[in-house]
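# Geometric and topological summary
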Amino acid sequence: MNSITPERRDRSLFQAKLLAGALWEASAVLINQLFEDLAGLRNLDRVDREDIANTLVLSGLPPRSADKFDLRFAQQFLVIAADMTGALIRGCTRPSCVAQDPPLLRRAGTGAPLSF
């Protein structure tokens, strides 16, 4: 096994910092847009598919489940997004709830859960 050169290590560290910054910024945008979605849904007597289609974040979720999306779901989704953003700082830990496991904590391409 070849040893890693200092230049290669520095480049990898730089790329990791860029990726971490991009994830942090994307998380901030996601949370801000979820607050906007909540504000729009809060004014409605009843939430339907069309209302969900007009949101910034919830409209990107699978449309077959849109009938199940309501104000409470949006609030819970926001809490999960905030918790997952915090995990960027805390490091990888066990999911705090079932909602964090399937879409977010799978090894790319394999569908296998991460080992803890």
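One can find the structure itself at the top, above this paragraph.
Residues numbered from 1 in each chain as written. Predicted model: local features only at pLDDT ≥ 70, side-chain atom pairs only at ≥ 80, totals over all residues. Heavy atoms only, no water.

## Here we look at a nonpolar patch on the surface
Quick reminder of the rule: To count toward a patch, a residue needs a relative accessible area over 30% and no salt bridge; like charges are then connected within 9 Å, while nonpolar side chains (Val, Leu, Ile, Met, Phe, Trp, Tyr) are connected within 5 Å. The accessible surface values rely on the Shrake-Rupley method and a 1.4 Å probe; as for residues, cover is taken only from the protein chains in view. For this document, the term salt bridge refers to a Lys or Arg side-chain nitrogen within 4 Å of an Asp or Glu carboxyl oxygen. We count a stretch as a helix when DSSP gives it H or I for four or more residues in a row; a strand needs E for two or more, and each element gets its number in order from the N terminus.
Among the surface-exposed residues, Leu19, Leu23, Trp24, Leu88 and Ile89 lie close enough to one another that they form a single nonpolar patch of about 500 Å² accessible area. Ranked by the residues each element gives to the nonpolar patch, the list is headed by helix α1 (residues 6-42), at three residues. Within the secondary structure, Ile89 sits in helix α3 (residues 71-90).

## Structural notes on α3
Put simply, the rule is: In a helix, the anticipated span is given by 1.5 Å times the number of residues less one. Exposure categories follow from relative accessible area, calculated using a 1.4 Å probe and restricted to protein chains: below 20% of the type maximum is buried, above 50% is exposed, and the middle band is partly exposed. Any two residues whose heavy atoms approach within 4.5 Å at even a single point are treated as in contact. We define a polar contact as two N or O atoms separated by no more than 3.5 Å, with the added condition that, inside protein, one atom must be a possible hydrogen donor and the other a possible acceptor, whereas residues neighbouring each other in sequence contribute only through side-chain atom pairs.
The terminal C-alpha atoms of α3, which comprises 20 residues, lie 28 Å apart, in line with the 28 Å expected from a rise of 1.5 Å per residue. Along α3, the positions that sit buried rather than exposed are Ala74, Leu78, Ile80, Ala81, Met84, Thr85, Gly86 and Ala87. Looking at the packing, one finds that the buried side of α3 touches α1. Put simply, Asp70 is the residue that caps the front of α3, since its side-chain oxygen is 3.3 Å from the backbone nitrogen of Arg72. Count one or two residues on from α3 and you reach Gly91, which has phi positive near 95 degrees.

## Some remarks on the packing of α1 against α3
Note the following rule: Orientation is described by axes fitted as lines to C-alpha atoms, over the contacting stretch for helices, and by angles from 0 to 180 degrees between their N-to-C directions. Roughly parallel means an angle under 35 degrees; roughly antiparallel means over 145; roughly perpendicular covers 65 to 115; every other angle is labelled oblique. In this scheme, a crossing is called left-handed if the near helix is turned counterclockwise away from the far one by less than a right angle; it is called right-handed if the turn is clockwise. Note that Gly is not counted as nonpolar here; it falls among the polar residues with everything else outside the nonpolar set of Ala, Val, Leu, Ile, Met, Phe, Trp, Tyr, Cys and Pro and the charged set of Asp, Glu, Lys and Arg.
Contact geometry for α1 and α3: axes closest at 10 Å, N-to-C directions at 165 degrees. The orientation of α1 relative to α3 falls into the category roughly antiparallel. Like other packed secondary-structure pairs, α1 and α3 cross with a definite hand, here left-handed. Facing Leu23, Trp24, Ser27, Leu30, Ile31, Leu34, Phe35, Leu38, Leu41 and Arg42 of α1, the residues of α3 in contact are Leu71, Ala74, Gln75, Phe77, Leu78, Ala81, Ala82, Thr85, Leu88 and Ile89. Tallied by class, residues from the contact of α1 with α3 come to 16 nonpolar, three polar and one charged.

## Focus: the pattern of salt bridges
Tallied over the entire structure, the rule returns two salt bridges. One salt bridge in this structure joins Arg9 and Asp10, with 3.9 Å as the shortest N-O distance. A relative accessible area of 48% places Asp10 in the partly exposed class. Asp67 is the salt-bridge partner of Arg49, the closest N and O atoms lying 2.9 Å from each other. Note that Arg49 is positioned in helix α2 (residues 49-53) and Asp67 in the loop between α2 and α3, a separation of 18 residues in sequence. For Arg49, a relative accessible area of 38% translates into the label partly exposed. Given a relative accessible area of 59%, Asp67 falls into the exposed group.

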